[in-house]
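# Reading the structure
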Amino acid sequence: MGHLLSKEASSLSRDRDRHCCRGGKVPPRRRSCFLRGPCMLCFIVHSASPPASEQPLPAADPLLPPPPYVVLATAEQRTACRLLRLPPAAWEPRGRCQRLLLSGLLPSPVRGLLGPARPPGEAASEMVCKRKGAGLPACPPCKQPRCAAAAAAEPEAAACQCPAEAPLCALPAAAGCAAGGGAAPARASAGDSGGAGQPTLPPPAPEEVAAAEKERGGEAGCEEPLERPADCCREAPPDINQLPPSILLKIFSNLSLNERCLSASLVCKYWRDLCLDFQFWKQLDLSSRQQVTDELLEKIASRSQNITEINISDCRNISDTGVCILAIKCPGLLRYTAYRCKQLSDTSIIAVASQCPLLQKVHVGNQDRLTDEGLKQLGSKCRELKDIHFGQCYKISDEGMIIIAKGCLKLQRIYMQENKLVTDQSVKAFAEHCPELQYVGFMGCSVTSKGVIHLTNLRNLSSLDLRHITELDNETVMEIVKRCKNLNSLNLCLNWIINDRCVEVIAKEGQNLKELYLVSCKITDYALIAIGRYSMTIETVDVGWCKEITDHGATQISQSSKSLRYLGLMRCDQVNEATVEQLVQQYPHITFSTVLQDCKRTLERAYQMGWTPNMSTAS
């Protein structure tokens with residue numbers, strides 16, 4: 001409005017033409033109020049005073065800014081239109097503010113095209129300057145159809161609760177665009193509005209229309225009417241970023257390290273900052289990541305010096321140097337796991353023991369280079385140690401194990417596997433010095449019944465793993481079950497000496513026993529019948545690879561046991577698969593494990609996850 005009503009309107013147009021002729025890019029206009037006018041004009045027009053009476057402008061007034069499709073009678077008016085070089089769509093009113101603004105300032109020919117003027121007594125309290133953004137109505141106005149035909153085809157518009165608004169007039173440009181027509185309908189309608197017999201203005205050149213559209217960024221183009229005008233009054237969907245940071249951190253805590261670092265942190269900067277919160281870097285699982293090196297481990301430790309748990313299992317590119325730096329920078333480390341890191345030696349475990357005195361868990365299974373020297377440091381420095389795992393560390397002997405037993409009096413879990421240098425002396429030392437032991441495992445170690453009998457002193461013992469103890473007798477097992485009343489899991493697999501009599505005593509004396517594993521033991525159907533008859537607590541029984549088990553034993557334990565939930569019959573050759581199918585139908589609360597039943601369950605899970613078999617001939 002400002003430059004159109006000023007005396008420099010023609011000079012502005014000439015400057016823009018000069019830029020176009022030189023081939024330069026037309027500088028974009030700043031977007032402010034309607035027609036780029038100053039806001040003060042908006043406040044003047046928006047006052048509640050009635051519009052001034054119409055005064056006919058002189059015929060040669062060059063300040064008249066009519067749209068190209070208006071019937072212009074004077075040459076001066078047509079010259080002003082050519083200087084403006086605006087397409088018909090540019091004069092299309094976009095709302096109540098623009099229509100009333102033009103209706104109050106422009107002469108009657110232009111106001112006739114823009115719709116009926118506001119009555120003198122009507123106040124325009126809802127009209128404000130858009131730049132100031134004050135006094136907005138409670139509900140934004142709905143977008144109305146731009147032609148009468150479109151307005152009639154929208155019965156849903158009545159559902160909107162916005163203030164009533166006079167419908168827009170059927171502009172020639174809008175009607176033409178809505179109908180998909182060109183300039184011919186626009187010219188015909190313009191002629192009807194201005195009266196018959198008056199000359200019409202030729203349509204603007206296509207390049208002029210394209211340039212003007214590019215200036216306004218496509219805002220003045222024809223817009224499609226809303227399918228449902230009432231949708232504009234709906235509230236915006238909630239934004240998850242409006243939640244408090246504490247709730248977002250709680251949500252992110254359920255994500256894995258990959259999901260946080262490779263997905264959530266890439267959404268936006270705010271989520272990246274949340275994913276870098278210190279609480280997510282207290283527990284790090286870097287297992288099986290070959291890209292983790294000493295340098296990366298040092299950067300992680302330098303950034304998050306409050307790491308309390310780390311897992312570097314199967315990380316082949318981490319050496320003792322990286323673990324030493326980690327231990328130095330993270331003195332509050334509580335849990336350290338490094339399975340199958342064969343490149344690590346005593347240096348790493350000594351550094352962890354020396355720099356992390358609060359260490360509670362050390363799992364370093366399958367490390368060939370670990371010796372008693374590292375265990376001595378653990379036993380002397382880490383008094384809070386509660387959980388150790390040294391399975392398949394073949395160079396560990398009784399010397400290191402005894403030092404740990406005497407130094408770590410709070411031990412609760414210990415697991416050894418195939419440690420041939422660990423004998424009954426180690427078992428006796430743990431039984432005497434670690435009264436809080438709850439889980440004990442000596443699978444495949446050089447342990448006999450003389451050492452195992454000392455475990456009867458552990459009153460809190462709840463889980464005992466005695467797999468593959470070659471010199472284990474039935475009397476020792478029965479004595480442990482009788483004296484360890486809190487025992488709930490007993491694993492006797494691969495012990496050929498265990499017989500039906502031992503299983504019967506276990507079923508009678510194991511008052512809290514829930515899991516019993518008897519794979520490859522010397523038992524028959526009598527053992528299963530005794531379990532079903534005497535035990536009221538055993539839920540899991542695995543008798544796989546027991547060649548003497550038949551259909552009778554499987555049927556009897558299924559019928560008599562009230563607590564049984566799992567029965568393992570893998571490779572029990574005398575158990576017929578048809579019998580197992582009947583048991584599955586009769587006792588659906590029991591899971592029967594055979595080769596065929598496990599395959600069926602695997603296929604069912606695959607189908608549930610969306611897998612479909614490939615039925616091609618090649619497969």
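Procedures and definitions
Residues numbered from 1 in each chain as written. Predicted model: local features only at pLDDT ≥ 70, side-chain atom pairs only at ≥ 80, totals over all residues. Heavy atoms only, no water. pLDDT = per-residue confidence, 0-100. Contact = heavy atoms within 4.5 Å. Phe/Tyr/Trp six-rings, centres within 6.5 Å; stacked < 30°, edge-to-face > 60°. Helix = DSSP H or I, 4+ residues; strand = E, 2+ residues; numbered from the N terminus. Buried < 20%, exposed > 50% of the residue type's maximum accessible area, 1.4 Å probe, protein only. Lys NZ or Arg CZ within 6 Å of the ring centre and 35° of its normal. Pairing = 2+ DSSP bridges. Right-handed = clockwise from strand over helix to strand, strands pointing away. Salt bridge = Lys/Arg side-chain N within 4 Å of Asp/Glu carboxyl O. Disulfide = S-S within 2.5 Å. Core = buried A, V, L, I, M, F, W, Y, C linked by side-chain atoms within 4.5 Å. Patch = residues over 30% accessible without salt bridge, like charges linked within 9 Å, V, L, I, M, F, W, Y side chains within 5 Å. Areas by Shrake-Rupley, 256 points an atom, 1.4 Å probe, with all protein chains shown as cover. Axes fitted to C-alpha atoms, helices over the stretch in contact; angles between N-to-C directions. Parallel < 35°, antiparallel > 145°, perpendicular 65-115°, else oblique. Polar contact = N/O pair within 3.5 Å; in protein donor to acceptor, adjacent residues only side chain to side chain.

Once that is clear, we can look at the confidence of the model for the protein chain. With 62% of its residues at a pLDDT of 70 or more, the protein chain has an overall mean of 75. With pLDDT under 50 throughout, residues 1-14 is counted as low confidence; its partners more than four residues away or in other chains account for 27 contacts. Under a pLDDT of 50 for its full length, residues 217-224 has, in the predicted model, 15 contacts with residues more than four places off or in other chains.

It is worth spelling out the packing of aromatic side chains at this point. Under the defined criterion, the tally for this structure stands at three aromatic pairs. Ring centres of Phe252 and Trp271 lie 5.2 Å apart, and the angle between their planes is 70°; on these two criteria the pair is classed as edge-to-face. Separated by 19 residues along the polypeptide, Phe252 in helix H10 (residues 245-252) and Trp271 in helix H12 (residues 269-275) bring together distant segments of the chain. Taken individually, Phe252 and Trp271 each receive the classification buried, so the pair is uniform in this respect. Judged by centre distance (6.5 Å) and plane angle (35°), the rings of Tyr415 and Tyr439 are tilted. Here Tyr415 is found in strand S6 (residues 413-417), whereas its partner Tyr439 is found in strand S7 (residues 439-443), with 24 residues between them in sequence. Here Tyr415 and Tyr439 have matching classes, each one buried. Its end group placed over the ring of Tyr439, Arg413 keeps NZ or CZ at 4.3 Å from the ring centre. Over the ring of Tyr534 we find Lys508, and its NZ or CZ is 4.6 Å from the ring centre.

The subject of this paragraph is the pairing of S7. Most of S7 is tucked away, with five of its five residues classed as buried. Because side chains alternate across S7, one face comprises the buried residues Tyr439, Gly441 and Met443, and the other comprises Val440 and Phe442, equally buried. Pairing of S6 with S7, which is carried by five bridges, proceeds in the parallel orientation. By the bridge assignment for S7, Met416 is matched with Phe442. Each parallel crossover has a hand, and the one from S6 via helix H18 (residues 424-433) to S7 is right-handed. Where S7 and strand S8 (residues 463-465) come together, three bridges link them in parallel fashion.

Another point: the pattern of salt bridges. Counted under the stated rule, the structure contains 17 salt bridges. With a closest N to O distance of 3.0 Å, Lys410 and Glu384 form a salt bridge. In this pair, Lys410 is assigned in the loop between helix H17 (398-407) and S6 and Glu384 in the loop between helix H16 (372-381) and strand S5 (387-389), connecting sequence segments 26 residues apart. Through salt bridges with shared partners, a single network forms among Asp314, Arg316 and Arg340.

Considering all chains together, one arrives at zero disulfides under this definition. No disulfide involves Cys502; its nearest neighbouring cysteine sulfur is the one of Cys521, lying 8.7 Å away. Unpaired in this structure, Cys521 has its nearest cysteine sulfur neighbour in Cys546, at a distance of 5.9 Å.

Another point: the pairing of S6. When a strand is regular, its side chains alternate between the sheet's two faces. Among the five residues of S6, four are classified as buried, and the element is accordingly described as predominantly covered. Of the strand pairs in this sheet, S5 and S6 are connected by three bridges, and their pairing is parallel. Residue pairing in the sheet places His389 in a bridge with Tyr415 of S6. Read as a crossover between parallel neighbours, the route from S5 over H17 to S6 is right-handed.

With that settled, the discussion passes to the nonpolar core. Membership of the largest hydrophobic core comes to 113 residues, with the highest contact counts inside it found for Ile310, Tyr336, Phe390, Phe430, Phe442, Leu490 and Leu569. By residue number, the principal contributor to this core is helix H21 (residues 500-509), which donates five residues. Contacts of Leu569, omitting those with residues within four sequence positions, involve Val543, Ile549, Ala554, Val575, Val580, Phe592, Ser593 and Thr594.

Taken together, the side chains of Ile240, Leu243, Ile247 and Ile251 make up a nonpolar region of the molecular surface, amounting to roughly 290 Å² of accessible area. In this structure, Ile247 sits in helix H10.

A few words on the packing of helix H20 (residues 474-483) against H21. Axis separation between H20 and H21 bottoms out at 9 Å; the angle between their running directions is 5°. Between H20 and H21, the angle falls in the class roughly parallel. Across the interface between the two elements, Asn474, Val477, Met478, Val481 and Lys482 from H20 touch Arg501, Cys502, Val505, Ile506 and Glu509 from H21.

So, on to unusual backbone geometry. Non-glycine residue Arg340 carries a positive phi angle of around 55°. Among the structural elements, Arg340 can be located in the loop between strand S3 (335-337) and helix H15 (346-355). Given a relative accessible area of 35%, Arg340 falls into the partly exposed group. Phi is positive for His468, which is not a glycine, with a value near 55°.

Moving on: H21. With respect to burial, H21 is a largely interior element, seven of its 10 residues being buried. Turning to H21, its buried residues are Asp500, Cys502, Val503, Glu504, Val505, Ile506 and Ala507. Close packing links the buried residues of H21 with H20, strand S9 (489-491), strand S10 (515-517) and helix H22 (525-534). Looking at where H21 begins, the residue whose side-chain oxygen comes 3.3 Å from the main-chain nitrogen of Arg501 is Asn499.

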